[in-house]
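Here are the chains, one letter per residue:
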Amino acid sequence: PSSDATLVSLSLGAAALSPAFDAATVTYTASTTNATNVINAVPAAAGSEIEITVDDAAVDNGSAITWKAGANVVKVKVTADDGTTKTYQVTVTKS
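Definitions and cut-offs
Residues numbered from 1 in each chain as written. Predicted model: local features only at pLDDT ≥ 70, side-chain atom pairs only at ≥ 80, totals over all residues. Heavy atoms only, no water. Phe/Tyr/Trp six-rings, centres within 6.5 Å; stacked < 30°, edge-to-face > 60°. Buried < 20%, exposed > 50% of the residue type's maximum accessible area, 1.4 Å probe, protein only. Helix = DSSP H or I, 4+ residues; strand = E, 2+ residues; numbered from the N terminus. Polar contact = N/O pair within 3.5 Å; in protein donor to acceptor, adjacent residues only side chain to side chain.

A.B. asks: Looking at this structure, how should I read the packing of aromatic side chains?
C.D. replies: For any two aromatic rings, the description comes down to two numbers: the centre-to-centre distance and the angle of the planes. Following the criterion strictly, the structure yields two aromatic pairs and no others. With a centroid separation of 5.9 Å and 25° between ring planes, the pair formed by Phe21 and Tyr28 is classed as stacked. The exposure class assigned to Tyr28 is buried, which follows from its relative accessible area of 1%. Judged by centre distance (5.9 Å) and plane angle (40°), the ring pair of Phe21 and Tyr88 falls under tilted. Separated by 67 residues along the polypeptide, Phe21 in the loop between β1 (7-12) and β2 (27-32) and Tyr88 in strand β8 (residues 85-94) bring together distant segments of the chain.

A.B. asks: Before we go on, may I ask you to explain the side chain of Thr32 in this structure?
C.D. replies: Counting through the fold element by element, Thr32 comes out in strand β2. Within polar-contact distance, the side chain of Thr32 engages the backbone nitrogen of Asn34 at 3.0 Å.

Written as structure tokens, this is what we have:
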């Protein structure tokens, strides 16, 4: 089984990640004025599971996230076939 728990891409609609996405970087920030953005997380290994939370509430991959004013903490946990995990975090600030 694969032990690759990385993402090949992570996007939040038009909100730009800072720094730019890199599989080895796990902490990001983003700013948006939008009420919602669609999150898309693509795992490097096809069999990996992805769990997404926004301020500890579960969100489906590929769905729209509704932002509250101020900071919103998005966590994307990737679990590889062999149980290896990696968590990416994006703090999205809505103004």
